[in-house]
Amino acid sequence: MGNDVDFPRDEPSEYSSPACFLHELDPDFAGTNNAGTDGAVGVIRWRKFERPRLIEMRKAIAADDRKSMDTVLAAKLSRLLSSPGGRVVSIYWPMKGEPNLIPWVKNSLPDGGTVALPVVVSKGAPMEFRSWSPGEPLIRGVWNIPVPESGVTVVPDVVIAPVVGFDKRGYRLGYGGGYFDRTLAALARKPYVIGIGYAQAEIETIYPMEHDIPMDVILTEKSCTAYAPSSRLASTLDIADSRSV
Ligand SMILES: Nc1nc2c(c(=O)[nH]1)N(C=O)[C@@H](CNc1ccc(C(=O)N[C@@H](CCC(=O)O)C(=O)O)cc1)CN2
Ligand SMILES: Nc1ncnc2c1ncn2[C@@H]1O[C@H](COP(=O)(O)OP(=O)(O)OP(=O)(O)O)[C@@H](O)[C@H]1O
């Protein structure tokens, strides 16, 4: 983040970057971060700027590092969802450097849980969740994201949502379609929502707007933070105390 950069305060102005490099700078650095003061327009603009920065940073993670971080995430997920028996857990098919949970599903989740994948059925509408088991055929959906070809529509008890970014209050920044927020808002029974990502995706704030729904827990390779510690649903689902994960 720009705040981490040691910015020389009394640099003469003739040493500043030429205007054509401004787009490469963090908005805080470039003085273009009006998210906090420009209302929704400023927030939307700031998010458009922030998403590619976070995605590129994630894609730059070396394959070996990614593999070991995914192994740590899988172990933490298994502890968090200690007895999935009979529950429907929605995962996602990884893209753009997101943590890959497919090996975890193959190795651990079949212990009594049903896996589902989110499906964008139409633009600007809530998603649907379709059951899927490793090996079952997938077809390309919106954005070329693989989705189950058959599989029945299910209602998830637990939704694992990949984050592009997340903040200190448990809000998630995604790809900008608003799909998870719209879907969670439309479900009759709110599932237990686990945001998952690498620790590098943490930012100070996403400047939450009215439609943004915070995650119950955010899991990274370094931390497991609960934002809804007394969630009734968590206890009925037998979700571990996040402090022990
Ligand atoms: N792996 C994975 N699968 C997932 C998600 C995810 O975050 N990760 N989703 C999580 O939601 C859903 C798909 N999300 C999508 C989000 C945005 C767009 C999209 O069309 N974006 C536009 C920009 C939108 C805008 O700025 O208005 C684009 O890139 O052109 C498509 C799908 C379901 N599947
Ligand atoms: N519950 C909702 N009802 C209607 N519109 C919504 C809702 N939630 C989000 N949106 C719309 O979606 C747009 C994008 O939202 P946002 O920036 O939160 O996306 P995101 O969480 O990054 O994306 P995604 O969940 O698809 O990964 C918002 O500007 C808003 O107009």
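Residues numbered from 1 in each chain as written. Chains lettered and ligands numbered in written order. Predicted model: local features only at pLDDT ≥ 70, side-chain atom pairs only at ≥ 80, totals over all residues. Heavy atoms only, no water.

Considering the site of ligand 2
Looking at ligand 2, there are 15 residues lining it, with Arg 51, Gly 174, Tyr 175, Tyr 179 and His 211 nearest. The fraction of the free accessible surface of ligand 2 (650 Å²) that becomes covered by protein chains is 73%. Taken together, the elements giving at least two residues each to the shell around ligand 2 come down to helix 2 (39–59), strand 9 (172–173) and helix 5 (179–186). With four residues, helix 5 is the largest single contributor of residues to the shell around ligand 2. (Near = heavy atom within 4 Å. Areas by Shrake-Rupley, 256 points an atom, 1.4 Å probe, with all protein chains shown as cover. Helix = DSSP H or I, 4+ residues; strand = E, 2+ residues; numbered from the N terminus.)

Notes on helix 2
When the terminal C-alpha atoms of helix 2 are compared, their 30 Å separation across 21 residues agrees well with the 30 Å that a helix rising 1.5 Å per residue should span. Residues Gly 42, Val 43, Trp 46, Arg 47, Glu 50, Arg 51, Leu 54, Ile 55 and Arg 58 constitute the buried set of helix 2. (Expected span 1.5 Å × (residues − 1). Buried < 20%, exposed > 50% of the residue type's maximum accessible area, 1.4 Å probe, protein only.)

Here's the deal with unusual backbone geometry
Backbone geometry follows two general trends: most residues other than glycine have a negative phi, and most peptide bonds adopt the trans configuration. Unusually for a residue other than glycine, Lys 96 sits at a positive phi of about 45 degrees. As for its position among the elements, Lys 96 is in the loop between strand 1 (88–90) and helix 4 (102–107). Residue classification places Lys 96 among the partly exposed residues on the basis of a relative accessible area of 34%. Positive phi outside glycine occurs at Tyr 207, with the angle close to 55 degrees. Structurally, Tyr 207 can be placed in the loop between strand 11 (202–203) and strand 12 (217–219). Among the residues examined, Tyr 207 registers a relative accessible area of 24% and is labelled partly exposed.

Observations regarding the pattern of salt bridges
Within this structure, the stated rule accounts for eight salt bridges. Taken together, the shared-partner salt bridges in this structure form one network comprising Lys 168, Glu 202 and Glu 204. (Salt bridge = Lys/Arg side-chain N within 4 Å of Asp/Glu carboxyl O.)

As for the sheet that holds strand 6 (residues 153–154)
Reading across from one edge, 6-3-2-1-7-10-12-13 is the order of the eight strands in this open sheet, with mixed pairing throughout. The open sheet has two edge strands with one neighbour each: strand 6 and strand 13 (224–226). Of the strand pairs in this sheet, strand 3 (residues 128–131) and strand 6 are connected by two bridges, and their pairing is antiparallel. By the bridge assignment for strand 6, Arg 130 is matched with Thr 153. Sheet strands in contact with helix 5 are strand 3, strand 7 (158–162) and strand 10 (192–196), and its direction is about 165 degrees off that of strand 7. (Pairing = 2+ DSSP bridges. Contact = heavy atoms within 4.5 Å. Axes fitted to C-alpha atoms, helices over the stretch in contact; angles between N-to-C directions.)

Observations regarding the site of ligand 1
What surrounds ligand 1 is a group of 16 residues, the closest being Trp 93, Glu 98, Trp 143, Tyr 175 and Gly 176. Interatomic distance of 3.5 Å between a side-chain N/O atom of Trp 143 and an oxygen atom of ligand 1. Coverage of ligand 1 by the protein amounts to 74% of the 700 Å² it exposes when considered alone. Its residues placed into classes, the shell around ligand 1 shows 12 nonpolar, two polar and two charged. (Polar contact = N/O pair within 3.5 Å; in protein donor to acceptor, adjacent residues only side chain to side chain. Nonpolar A, V, L, I, M, F, W, Y, C, P; charged D, E, K, R; others polar.)

Topic: the packing of aromatic side chains
Under the defined criterion, the tally for this structure stands at three aromatic pairs. Taking the centre distance of 5.0 Å and the plane angle of 85 degrees together, the rings of Trp 46 and Tyr 207 count as edge-to-face. In this pair, Trp 46 is assigned in helix 2 and Tyr 207 in the loop between strand 11 and strand 12, connecting sequence segments 161 residues apart. Their ring planes at 90 degrees and their centres at 5.7 Å tell us that Trp 93 and Trp 132 sit as a pair that is edge-to-face. Residue Trp 93 is found in the loop between strand 1 and helix 4, and its partner Trp 132 is found in the loop between strand 3 and strand 4 (138–140); the two are separated by 39 residues along the sequence. Residue placement shows Lys 96 over the ring face of Trp 143; its charged tip is 5.0 Å from the ring centre. The positively charged end of Arg 182 is found above the aromatic ring belonging to Tyr 179, 5.5 Å away from the centroid. (Phe/Tyr/Trp six-rings, centres within 6.5 Å; stacked < 30°, edge-to-face > 60°. Lys NZ or Arg CZ within 6 Å of the ring centre and 35° of its normal.)

Considerations on the sheet that holds strand 8 (residues 165–167)
Spatial ordering of the open sheet is given by 9-8-11, a layout of three strands whose pairing is mixed. Of all the strands in the sheet, the pair left with one neighbour each is strand 9 and strand 11. Note: strand 8 against strand 11, two bridges, orientation parallel. Following the sheet pairing, Phe 166 is matched in strand 11 by Glu 202.

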